[in-house]
Each structure stands twice: as C-alpha cells, then as structure tokens.
Amino acid sequence: MPVEPLSSQEVEDRLAGLPGWSLDAGRLTRSYRLGSHFAATAMVVHVAQVQEELDHHSDLTLGYNTVALAVHTHSAGGAITEKDIELARRVEDLAAGHGAH
C-alpha cells in the first residue's frame, strides 16, 4: 500500500507534538546529547531496532556523545509521511531512557 505525503500543515501540526524535532531541507531532524559515547552508542542500537520493527530507516549519525537523525520517505518521493512521524515518536519515547536531551 502506498504511503501518502503529509501536507505542510499536517507536518507542522505533528511537529508541535514532537519537541526538538524540526523540518530541515525536507527531512524531519533531531539531535540528542547524551552523557557519554557509550550512552550514545546504546541509543543508536535501540533506534536501529525500532527502525527494523517499523521497516523505516533514517540517516542515523553517531558522534562522541551525540545522536542525530534525519528522515523522510523515499517511496513517497522524499516527502514526510506518517511513517516518519511514527519513527520520530518512537525515538522520543526511548530517548529519555538513555538520558538523551
């Protein structure tokens, strides 16, 4: 089943419920700072697990004590879809457990 792009207003409305997330160059983006490199690495592994569960993958970048994500839906022509919003929500849900802010 094809995934439909969200309108600009729908993206804006959903971003209101995702603190720290923003739209940058047509992608949903968010960076997190963690207490250590080990904590950041653990979060990356957890995010990767969620991405596999959703069968939806972001660009995921590990820094010394940072994790950054950028996501859009390739099958929707690079638009933002509910799949991107769901991934962002799931990452937000797990971030606090890793001490991310």
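See the structure printed just above.
Being a predicted model, the structure only gives us computed values, none of them experimental.

## Structural notes on the sheet that holds strand 2 (residues 27–33)
Across the sheet, four strands lie side by side as 1-2-4-3; this open sheet has antiparallel pairing. The two strands at the open ends of the sheet, each matched to only one other strand, are strand 1 (22–24) and strand 3 (59–62). Averaged over all adjacent pairs, the angle separating strand axes in this sheet is 25°, with direction ignored. Bridge count for strand 2 against strand 4 (residues 66–71) is six bridges, and the pairing is antiparallel. Residue pairing for strand 4: Arg 33 is matched across the bridge by Thr 66. Sitting on the sheet, helix 2 (residues 37–54) is in contact with strand 2, strand 3 and strand 4, with an inclination near 165° to strand 3. Sheet strands in contact with helix 3 (residues 82–95) are strand 2 and strand 4, and its direction is about 10° off that of strand 2.

## Comments concerning the nonpolar core
If you look at the biggest cluster of nonpolar residues, it comprises 25 residues, and the most contacted ones within it are Trp 21, Leu 28, Tyr 32, Leu 34, Met 43 and Val 91. Among residues more than four places away in sequence, those in contact with Trp 21 are Leu 15, Leu 28, Thr 29, Arg 30, Tyr 32, Leu 69, Ala 88, Val 91 and Glu 92.

## Here we look at the pairing of strand 3
Taken together, the four bridges between strand 3 and strand 4 define a ladder with antiparallel strand orientation. Pairing of Asp 59 across the sheet is with Ala 70, part of strand 4. Taking the residues between adjacent antiparallel strands as the criterion, strand 3 and strand 4 are bridged by three residues.

Cut-offs used in this document
Residues numbered from 1 in each chain as written. Predicted model: local features only at pLDDT ≥ 70, side-chain atom pairs only at ≥ 80, totals over all residues. Heavy atoms only, no water. Pairing = 2+ DSSP bridges. Helix = DSSP H or I, 4+ residues; strand = E, 2+ residues; numbered from the N terminus. Axes fitted to C-alpha atoms, helices over the stretch in contact; angles between N-to-C directions. Contact = heavy atoms within 4.5 Å. Core = buried A, V, L, I, M, F, W, Y, C linked by side-chain atoms within 4.5 Å. Buried < 20%, exposed > 50% of the residue type's maximum accessible area, 1.4 Å probe, protein only.

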